[in-house]
Amino acid sequence: MSEYKKSSCINCNTEIIGEFCHNCSQKSTTQRLDIKHFIQHDIIHGVFHFDKGLPFTLKEIILRPALVAQNYIQGKRVRYYNFFYLTLVIIGFTLLIQSYIGAPILKNNNPSYVKSINFAKENMKYILLSFIPFFAISSRIVYRKVKYNIAEHSIIASICLIYFLLYNLLSDLLKLIGMGKIFDPFINLLSTVTIILIYTQVFKEFYQNRRYLNVINAFLTLFLFTILFILLISGIFLFVTMI
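Cut-offs used in this document
- Residues numbered from 1 in each chain as written.
- Predicted model: local features only at pLDDT ≥ 70, side-chain atom pairs only at ≥ 80, totals over all residues.
- Heavy atoms only, no water.
- Helix = DSSP H or I, 4+ residues; strand = E, 2+ residues; numbered from the N terminus.
- Buried < 20%, exposed > 50% of the residue type's maximum accessible area, 1.4 Å probe, protein only.
- Contact = heavy atoms within 4.5 Å.
- Salt bridge = Lys/Arg side-chain N within 4 Å of Asp/Glu carboxyl O.
- Phe/Tyr/Trp six-rings, centres within 6.5 Å; stacked < 30°, edge-to-face > 60°.
- Lys NZ or Arg CZ within 6 Å of the ring centre and 35° of its normal.

Chemist: Got a minute to help me understand the overall build of the protein in this structure?
Modeler: Counting secondary structure elements, the protein contains ten helices and two strands. Secondary structure elements of the protein, listed N to C terminal, follow the sequence β-β-α-α-α-α-α-α-α-α-α-α. In the protein, buried positions account for 34% of the 243 residues. In the protein, the proportion of contacts linking residues at least 24 apart, taken out of those at least 6 apart, comes to 65%.

Chemist: I would appreciate a short explanation of the pattern of salt bridges in the present structure.
Modeler: The final tally for this structure, using the stated rule, is two salt bridges. Ionic pairing is found between glutamate 60 and lysine 59, a salt bridge with its closest N-O pair at 2.9 Å. Judged by its relative accessible area of 7%, glutamate 60 falls in the buried class. The shortest N-O distance in the salt bridge between arginine 64 and glutamate 60 comes to 2.6 Å. You can call arginine 64 partly exposed: its relative accessible area is 37%. When salt bridges with common partners are traced through the structure, they connect Lys59, Glu60 and Arg64 into a single cluster.

Chemist: Can you walk me through the packing of aromatic side chains in this structure?
Modeler: Geometrically, a pair of aromatic rings is defined through the distance of the ring centres and the angle of the planes. The tally for this structure, following the rule as stated, stands at 20 aromatic pairs. Measuring from ring centre to ring centre gives 6.4 Å for tyrosine 80 and phenylalanine 83, while their planes differ by 55°; the resulting arrangement is tilted. Here tyrosine 80 falls in the buried class, since its relative accessible area comes to 12%. Given a relative accessible area of 4%, phenylalanine 83 falls into the buried group. Relative to tyrosine 167, the ring of tyrosine 163 lies with its centre 5.6 Å away and its plane at 40°, an arrangement referred to as tilted. Of the two residues, tyrosine 163 and tyrosine 167 both sit in helix H8 (residues 150-176), four residues apart, roughly one turn of that helix. Look at tyrosine 163 and you get buried, because its relative accessible area is 10%. Among the residues examined, tyrosine 167 registers a relative accessible area of 14% and is labelled buried. An aromatic cluster of three or more residues is present, and its members are Phe131, Phe135, Tyr143, Tyr148, Phe164, Tyr199, Phe203, Phe206, Tyr207, Phe225 and Phe229. Stacked on the ring of tyrosine 72, the Lys or Arg arginine 77 has its end atom at 5.3 Å from the ring centre.

Right, dumping it as structure tokens:
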């Protein structure tokens, strides 16, 4: 299939010099859609392209989470998939797996308790997303001498949440094969250690001569987040029982 060459961008009509439009990034040449191109490019290339996009971002977060955070904060973002959308995708998979596992049997039949648990289940996506601002606020307070703003701290928090969700997804998958109780304590510990390591790696250049202080600050960030998150959950449960 031949390509249709354009002297101006078909998307925004800007004059094109080179392979891409400098205004909107539209390719200077486009190919008419057919079934072969759709399968090869839009599906196979789009899903399994590991040089950028969702698969690349997920791979880099798993292998080099601190580097991904540093790159994104420094402006090297073109190859990365939107962290917020990636978080929503993983939350979707987690909720799907949990629907197959089924809800645990409640030992406490108190109506207020049951009502609070049901509310939490119905709003789990929003509760999980609240992880980001609460972690960002915690790290902003603890690492206040590092001149990162709250949005930059939110990037680090997003990566920590993605790792947390991946560990929970692994835990849920193990529960499907009856091995959740065996590995849950190890996965919880690994999740905590990973978050601490991410923070120490992201901020290590600011604490080259005081590495112990960097580790302490990472622990303090996690501790402060835990306190804030407990207060949030307690407030939600109190509100639900009152309405």
